[in-house]
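The lines below spell out each chain.
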Amino acid sequence: MNATELRKMNLTELQAELHSLLKAQFGLRMQLATQQLSNSHQLKNVKRDIARVKTVITQKTKDRS
């Protein structure tokens, strides 16, 4: 997911996306710990997506105030 797609979302959609990404990150970390994760780059991609979502949320909340 890129930043332009995220900027089109409202805050509630962004919060839901963040929640689902955090769940995905947890699942990937558990797979990594039990050595069931075949594509370790997925964890890196999810971390970057979380950072993007958090950045857009921060930008949108600053624009509101």
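Rules behind the numbers
- Residues numbered from 1 in each chain as written.
- Predicted model: local features only at pLDDT ≥ 70, side-chain atom pairs only at ≥ 80, totals over all residues.
- Heavy atoms only, no water.
- Helix = DSSP H or I, 4+ residues; strand = E, 2+ residues; numbered from the N terminus.
- Buried < 20%, exposed > 50% of the residue type's maximum accessible area, 1.4 Å probe, protein only.
- Polar contact = N/O pair within 3.5 Å; in protein donor to acceptor, adjacent residues only side chain to side chain.
- Contact = heavy atoms within 4.5 Å.

Student: Tell me about the side chain of Asp-49, residues and numbers included.
Tutor: With respect to the helices and strands, Asp-49 occurs in helix H3 (residues 41-64). Here Asp-49 falls in the buried class, since its relative accessible area comes to 17%. At 2.8 Å, the side chain of Asp-49 and the side chain of Arg-52 are in polar contact. Ignoring sequence-local partners within four residues, the contact set of Asp-49 consists of Met-1 and Leu-21.

Student: I'd like a rundown of the environment of Lys-44, residues and numbers included.
Tutor: With respect to the helices and strands, the residue Lys-44 is situated in helix H3. On the basis of relative accessibility, which here comes to 47%, the residue Lys-44 falls in the partly exposed class. It is 9.3 Å that separates the C-alpha atoms of Lys-44 and Gln-25, two residues lying 19 residues apart in sequence.

Student: Give a description of the environment of Leu-28 that names residues and reports values.
Tutor: Following the sequence through the fold, Leu-28 ends up in helix H2 (residues 11-33). Taking relative accessible area as the criterion, Leu-28 reaches 10% and is therefore assigned buried. The spacing of Leu-28 and Asn-39 is eleven residues in sequence and 9.6 Å in space, taken between C-alpha atoms. Contacts of Leu-28, omitting those with residues within four sequence positions, involve Leu-37, Gln-42, Leu-43 and Val-46.

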